[in-house]
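Listed below are the residues making up each chain.
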Amino acid sequence: MKNNNIKEEQQQKQEFLFDGINYKILLVGIGVIALGFILMSGGGSDNPNVFNEDVFSFRRIRLAPTTVLIGFGITIYSIFKKSK
């Protein structure tokens with residue numbers, strides 16, 4: 001009878017894979033990635049015969065991809081961060 005109670009307590013006591021801070025950092029990283037993709041959007045043209053120079057703006061060529069890479073770095077850090 002005691003063994004059954006111990007087994008039931010062990011089964012009910014499930015732990016998360018990461019700590020709470022890891023999940024918070026992960027959400028921040030996902031938010032930064034989403035921000036990078038939002039920065040990348042737009043700049044298209046309604047008329048296919050007209051070329052829009054906004055495609056090659058600083059925001060879409062440099063800033064947005066850098067923001068996405070920083071976001072991936074944050075998420076990788078949140079995965080590898082050790083629990084205390």
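Up top is the structure these notes are about.
Residues numbered from 1 in each chain as written. Predicted model: local features only at pLDDT ≥ 70, side-chain atom pairs only at ≥ 80, totals over all residues. Heavy atoms only, no water.

## Thoughts on the overall build of the chain
Here is step 1 of the chain: In terms of helices and strands, the chain carries three helices and zero strands.
Here is step 2 of the chain: Ordered by position from the N terminus, the helices and strands of the chain form the series α-α-α.
Here is step 3 of the chain: Here the chain, with 84 residues, has 17% of them falling under the buried criterion.
Here is step 4 of the chain: Accessible surface, the chain: about 7,200 Å² in total, of which carbon and sulfur atoms supply 62%. (Helix = DSSP H or I, 4+ residues; strand = E, 2+ residues; numbered from the N terminus. Buried < 20%, exposed > 50% of the residue type's maximum accessible area, 1.4 Å probe, protein only. Areas by Shrake-Rupley, 256 points an atom, 1.4 Å probe, with all protein chains shown as cover.)

## Quick word on the packing of aromatic side chains
Here is step 1 of the chain: Taken as a whole, this structure holds two aromatic pairs when the rule is applied.
Here is step 2 of the chain: Taking 5.8 Å as the distance between ring centres and 70° as the angle between the ring planes, the aromatic pair formed by Phe18 and Tyr23 counts as edge-to-face.
Here is step 3 of the chain: Aromatic pair Phe51 and Phe56: ring centres 5.9 Å apart, planes at 40°, arrangement tilted. Of the two residues, Phe51 and Phe56, both sit in the exposed class. (Phe/Tyr/Trp six-rings, centres within 6.5 Å; stacked < 30°, edge-to-face > 60°.)

## So, helix 2 (residues 20-40)
Here is step 1 of the chain: An ideal rise of 1.5 Å per residue puts 30 Å on 21 residues; helix 2 measures up with 31 Å between its terminal C-alpha atoms.
Here is step 2 of the chain: Three or more residues of helix 2 are buried, namely Asn22, Ile25, Gly29, Val32, Ile33 and Gly36. The arc enclosing the buried residues of helix 2, seen along the axis, measures out at 100°, which places them on a common side. Exposed positions of helix 2 whose direction lies more than 90 degrees from the buried face are Lys24, Leu27 and Ile38.
Here is step 3 of the chain: Looking at the buried positions of helix 2, the neighbouring elements they touch are helix 3 (58-80).
Here is step 4 of the chain: Positive phi shows up at Gly42, right after helix 2, with a value of about 85°. (Expected span 1.5 Å × (residues − 1). Arc of directions from axis to C-beta. Contact = heavy atoms within 4.5 Å.)

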